[in-house]
Amino acid sequence: MHVDLSKNFFDLFGLAVGFTIDNATLVTRFQDLQKQLHPDKFVSKPDSDRRWSMQAASHVNEAYQTLSNELRRAVYLLKLQGVSIDEETDTQMSPMFLMEQMENREALEMAPNASDPFAALDAVRRQLKVSTAEQVSAFEQACTKAQWDHARTVARQWQFLDKLNQEVRSTEEQLDDQ
Amino acid sequence: MAYSDKVLDHYENPRNVGVLDKDDPNVGTGMVGAPACGDVMRLQIKINDDGIIEDAKFKTYGCGSAIASSSLVTEMVKGKTLDEVGEIRNKHIADELALPPVKIHCSVLAEDAIAAAIADIKAKRAARDGSEAVAS
């Protein structure tokens with residue numbers, strides 16, 4: 001397998017461009033490429049080859065980090081379609097969705113003070129799991145139908161759930177430490 | 001990344017955290033979110049009969065810069081008219097807090113929150129004036 005840095009991340013691993021991918025194939029091909037690009041194979045090569053191999057290894061790493069994470073894969077897939085989620089400039093979201101996010105964050109903030117903090121945290125986590133599964137399935141459907149505008153809306157909302165998930169984890173660690 | 005002293009001050013002693021009655025016709029509520037970081041911000045303003053903002057409250061779940069931006073804005077808007085407040089740009093907030101380029105989007109969020117709160121109160125007034133016009 002030749003490493004071509006101009007290929008998109010899906011092509012790089014020989015995967016069809018799409019949201020649904022075979023994770024086992026991704027891991028196997030990533031490991032193959034890592035072996036091919038291992039620094040040991042380039043010790044006796046000219047400087048230019050060594051530089052290329054390091055650049056290629058970092059490209060392959062970035063590609064793997066992107067595709068192995070569902071949300072990052074979704075955002076990358078949109079980018080390939082020429083769709084930006086404008087995460088820094090577009091703050092207009094559905095008011096209903098934002099209201100829910102505010103409530104989720106408030107529930108999480110209150111969890112450590114609840115009579116059973118772990119149960120309160122669990123409730124937030126269960127709700128989050130359901131919401132995330134809904135976004136994943138909505139994104140899959142939008143991709144299948146090539147409804148990129150809708151896929152963009154879904155991905156933008158998904159970013160908030162991802163952040164909530166990080167917050168749930170850090171709250172959990174704080175509770176465990178107490 | 002180091003926060004500026006002003007950001008730290010607002011972060012450690014946020015001004016005007018809280019909630020106003022969103023159903024009060026004199027209260028405008030702006031809800032915005034930044035997909036970049038998953039931050040959510042609620043900014044509320046209350047105007048008196050002269051159209052002057054007499055109170056402002058915020059609640060922000062986000063990083064220090066987002067909290068500082070919204071806290072600062074609640075201070076900036078008090079005593080001003082809706083038109084004056086509509087002139088506030090994210091640059092004013094970013095400059096005042098000395099936000100680094102990667103945190104500029106936090107000030108954008110605060111500007112958009114003011115705009116949303118103003119739009120909300122104007123929509124409420126338009127609906128009220130409309131129904132009064134019909135009644136009379």
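See the structure printed just above.
Definitions and cut-offs
Residues numbered from 1 in each chain as written. Chains lettered and ligands numbered in written order. Predicted model: local features only at pLDDT ≥ 70, side-chain atom pairs only at ≥ 80, totals over all residues. Heavy atoms only, no water. Helix = DSSP H or I, 4+ residues; strand = E, 2+ residues; numbered from the N terminus. Rg over C-alpha atoms; globule rule 2.2 N^0.38 Å. Buried < 20%, exposed > 50% of the residue type's maximum accessible area, 1.4 Å probe, protein only. Areas by Shrake-Rupley, 256 points an atom, 1.4 Å probe, with all protein chains shown as cover. Lys, Arg positive; Asp, Glu negative; His and termini not counted. Charge placed at Lys NZ, Arg CZ, Asp CG, Glu CD. Contact = heavy atoms within 4.5 Å. Salt bridge = Lys/Arg side-chain N within 4 Å of Asp/Glu carboxyl O. Core = buried A, V, L, I, M, F, W, Y, C linked by side-chain atoms within 4.5 Å. Pairing = 2+ DSSP bridges. Buried area = accessible area lost by both parts, 1.4 Å probe. Polar contact = N/O pair within 3.5 Å; in protein donor to acceptor, adjacent residues only side chain to side chain.

When you go through chain B residue by residue, the secondary structure sums to 5 helices and 3 strands. Helices (α) and strands (β) of chain B occur, in sequence order from the N terminus, as α-β-β-β-α-α-α-α. Here chain B has a C-alpha radius of gyration of 15 Å; the compact-globule value for 136 residues is 14 Å, and the two agree. Buried positions account for 50% of the 136 residues belonging to chain B. Carbon and sulfur atoms make up 52% of the accessible area of chain B, which amounts to about 6100 Å² in all. Charged side chains in chain B number 16 positive and 22 negative. The centres of these two groups are separated by 3 Å.

In terms of regular secondary structure, chain A is built from 7 helices and 0 strands. When its helices and strands are written in sequence order, chain A yields α-α-α-α-α-α-α. Its C-alpha atoms give chain A a radius of gyration of 20 Å, more than 25% over the compact-globule value 16 Å for 178 residues. Along the first, second and third principal axes, the C-alpha set of chain A runs to 65 × 45 × 30 Å. For chain A, contacts bridging at least 24 residues in sequence account for 68% of all contacts bridging at least 6. In the structure as shown, chain A presents an accessible area of about 10400 Å², 48% of it carried by carbon and sulfur atoms. Charge-centre separation for chain A: the mean point of 19 positive side chains lies 8 Å from the mean point of 28 negative side chains.

Side chains that differ in charge, positive against negative, can pair when their charged atoms come close. Scanning all chains against the criterion turns up 17 salt bridges over all chains. Between Asp-122 of chain A and Arg-125 of chain A there is a salt bridge whose closest N-O contact spans 2.7 Å. Of this pair, Asp-122 of chain A and Arg-125 of chain A both sit in helix 6 (residues 117-144), 3 residues apart, roughly one helical turn. Its salt-bridge partner being Lys-46 of chain B, residue Asp-24 of chain B comes within 3.6 Å of it at the nearest N-O pair. With Asp-24 of chain B in the loop between helix 1 (5-12) and strand 1 (27-34) and Lys-46 of chain B in strand 2 (residues 39-47), this residue pair connects regions lying 22 residues apart in the sequence. Judged by its relative accessible area of 17%, Asp-24 of chain B falls in the buried class.

Among soluble globular proteins, nonpolar side chains are generally buried collectively. If you look at the biggest cluster of nonpolar residues, it comprises 33 residues, and the most contacted ones within it are Ile-45 and Val-77 of chain B. Those elements giving two or more residues to this core turn out to be strand 1, strand 2, strand 3 (53-61), helix 2 (64-77), helix 3 (82-85), helix 4 (90-97) and helix 5 (104-135) of chain B. If you tally residues by element for this core, the top one is helix 5 of chain B, at 8 residues. With residues near it in sequence (within four places) discarded, Ile-45 of chain B still touches Leu-20, Asn-26, Val-27, Gly-28, Ile-53, Asp-55, Ala-56, Val-77, Leu-82, Ala-117, Ile-118 and Ile-121 of chain B. Grouped together as the second largest cluster of nonpolar side chains are 32 residues, Leu-37, Tyr-64, Ile-85 and Phe-139 of chain A included.

Residues and elements named next belong to chain B. The element strand 1 is largely enclosed, with a buried count of 8 among its 8 residues. Burial along strand 1 is two-sided: the face carrying Val-27, Thr-29, Met-31 and Gly-33 and the face carrying Gly-28, Gly-30, Val-32 and Ala-34 are both buried. Pairing of strand 1 with strand 2, which is carried by 8 bridges, proceeds in the antiparallel orientation. By the bridge assignment for strand 2, Gly-28 is matched with Ile-45. The antiparallel pairing of strand 1 with strand 2 creates a hairpin that spans 4 residues between the two strands, and Gly-38 there sits at a positive phi of about 75°.

Another point: the interface of chain B and chain A. With 19 residues of chain B at the contact, the number on the chain A side is 17 residues. Buried surface at the junction of chain B and chain A, both sides included, amounts to about 1700 Å², of which 62% is carbon and sulfur. It is Met-31, Pro-35 and Tyr-61 of chain B that lose the most area in chain B upon contact with chain A, and together they represent 40% of the buried surface on that side. Put simply, chain B and chain A have 3 salt bridges between them. For Glu-109 of chain A, the salt bridge identified is with Lys-59 of chain B, shortest N-O distance 3.5 Å. Connecting chain B to chain A are 4 residue pairs in polar contact (both at pLDDT 80 or more).

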